[in-house]
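Notes for the structure review
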Amino acid sequence: MTRLSINVNKIALIRNSRGTNFPDLALFVENLLKLGVKGITVHPRPDQRHIKYDDVYQISNILKQYPDVELNVEGYPDQTFIDLIKEVVPAQCTLVPDSPTQLTSDHGWDLKDPKFLQAVIKELRCTPTRLALFI
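Below is a short write-up of the structure. Once a new chain begins, its residue numbering starts again from 1 and follows that chain's sequence as written. Local features in a predicted model are, by the rule used here, given only for residues with pLDDT of at least 70; side-chain atom pairs are given and counted only at 80 or more, and totals for whole chains, interfaces and linings are based on all residues. Just so you know, side-chain values use all the structure's heavy atoms and leave hydrogens and water out.

The next thing to look at is the overall build of the protein. Helix and strand labels come from DSSP, where a helix needs a run of H or I of at least four residues and a strand needs a run of E of at least two; each type is numbered from the N terminus. Counting its regular elements, the protein contains five helices and five strands. In this treatment the radius of gyration is a C-alpha quantity, and the globule benchmark scales as 2.2 Å times the residue count to the 0.38 power. The C-alpha radius of gyration computed for the protein amounts to 15 Å, which stays within 12% of the reference 14 Å derived for 135 residues, consistent with globular compactness. Dimensions of the protein, computed from C-alpha atoms along their principal axes, come out at roughly 40 × 30 × 25 Å. Three labels apply to residues, based on accessible area from a 1.4 Å probe with only protein chains included: buried if under 20% of the type maximum, exposed if over 50%, partly exposed otherwise in between. For the protein, buried positions account for 42% of its 135 residues. In what follows, a contact means two residues having at least one pair of non-hydrogen atoms within 4.5 Å. Counting only contacts in the protein whose residues sit at least 6 apart along the sequence, the fraction spanning at least 24 positions is 64%. All accessible-area figures derive from a Shrake-Rupley calculation using a 1.4 Å probe, and residue coverage is judged against the displayed protein chains alone. Just so you have it, the protein exposes about 7700 Å², and 56% of that area is on carbon and sulfur atoms. Under the counting rule used here, the positive set is Lys and Arg, the negative set is Asp and Glu, and His together with the chain ends is not counted. Here the site of a charge means NZ on Lys, CZ on Arg, CG on Asp, or CD on Glu. Averaging the positions of the 16 positive and the 16 negative side-chain charges in the protein gives two centres separated by 3 Å.

Here it is as structure tokens:
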């Protein structure tokens, strides 16, 4: 398991706010990998204000060239997110209780009523992805 994973969301946020491909997220990830980084984390949100779903596929494809590097995809497990995890099959999926309008993650899951999470975990068990919870 990777001990340090670099979150590249803010690079994508800068790119998106400029309306261009600068900075180039894929190039940024490749440079991190050349420096020896062993984990990349992304957190696609429904509004795609930073990491876009297409970015997740692109980064996943880049990481296929680096079998010793893990991809961690974190986010709120709506059906779009669950489908993304099933298609990309990252090394780790971190489930985060963000609402679509939240600016950033500011709290963990309330585990008093675990039924929703249990259903999500059951659905994601069909992938060989390690699951983590933001608590």
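With that settled, consider the side chain of His 43. Position of His 43 among the secondary structure elements: in the loop between strand 2 (39–42) and helix 3 (53–63). Dropping the residues within four chain positions of it, His 43 is found in contact with Asn 9, His 50, Ile 51, Glu 74, Gly 75, Val 96, Asp 98 and Ser 105.

Strands sit in the order 1-2-3-4-5 across an open sheet of five strands; the sheet is parallel. Edge positions in the open sheet fall to strand 1 (6–7) and strand 5 (130–133), since each of these has one partner strand only. As judged from the two bridges shared by strand 1 and strand 2, these two strands associate in the parallel manner. Bridge pairing in strand 2 links Asn 7 to Thr 41. Contacting strand 4 (92–95) and strand 5, helix 5 (residues 115–124) crosses the sheet at an angle of about 165° to strand 4. In this scheme, strands are said to pair when DSSP sees at least two bridges between them. Fitted lines through C-alpha atoms serve as axes, helices being fitted only where they are in contact, and the angles separating the N-to-C directions of these axes extend from 0 to 180 degrees.

Membership of the largest hydrophobic core comes to 31 residues, with the highest contact counts inside it found for Val 8, Ile 40, Val 42, Ile 59, Leu 71, Val 73 and Leu 95. Going through the elements one at a time, helix 1 (9–18), helix 2 (25–34), strand 2, helix 3, strand 3 (70–75), helix 4 (79–88), strand 4 and helix 5 are the ones with two or more residues in this core. By nonpolar core is meant a set of buried Ala, Val, Leu, Ile, Met, Phe, Trp, Tyr and Cys residues that side-chain atoms within 4.5 Å join together.

Any residue with an atom within 4 Å of a point lines the site, the site being either a cavity, points on a 1 Å grid over the protein atoms alone where a 1.4 Å probe fits but cannot get out, or a pocket, an open set with protein on both sides within 12 Å along at least 5 of 7 lines. Grid points are joined across faces, edges and corners, and a volume is the space filled by probe spheres set on the points. Scanning the entire structure with this criterion turns up one cavity of 30 Å³ or more. Approximately 70 Å³ is the volume found for the largest cavity. If you trace the largest cavity, you find it lined by His 43, Pro 44, Arg 45, Pro 46, Tyr 53, Gly 75, Tyr 76, Asp 78, Phe 81, Asp 98, Ser 99 and Pro 100. Each residue receives one of three labels: charged for Asp, Glu, Lys and Arg, nonpolar for Ala, Val, Leu, Ile, Met, Phe, Trp, Tyr, Cys and Pro, and polar for the others, Gly being one of them. Taken together, the residues of the lining of the largest cavity break down into six nonpolar, three polar and three charged.

Next up on the list: the side chain of Arg 45. By secondary structure assignment, the location of Arg 45 is in the loop between strand 2 and helix 3. In this structure Arg 45 comes out as buried when scored by relative accessible area, which is 6%. A 3.5 Å cut-off defines polar contacts: any pair of N or O atoms within that distance qualifies, except that in protein one atom must be a possible hydrogen donor and the other a possible acceptor, and neighbouring residues in sequence count only when both atoms are side-chain atoms. For Arg 45, the side chain forms a polar contact with the side chain of His 50, separated by 3.3 Å.

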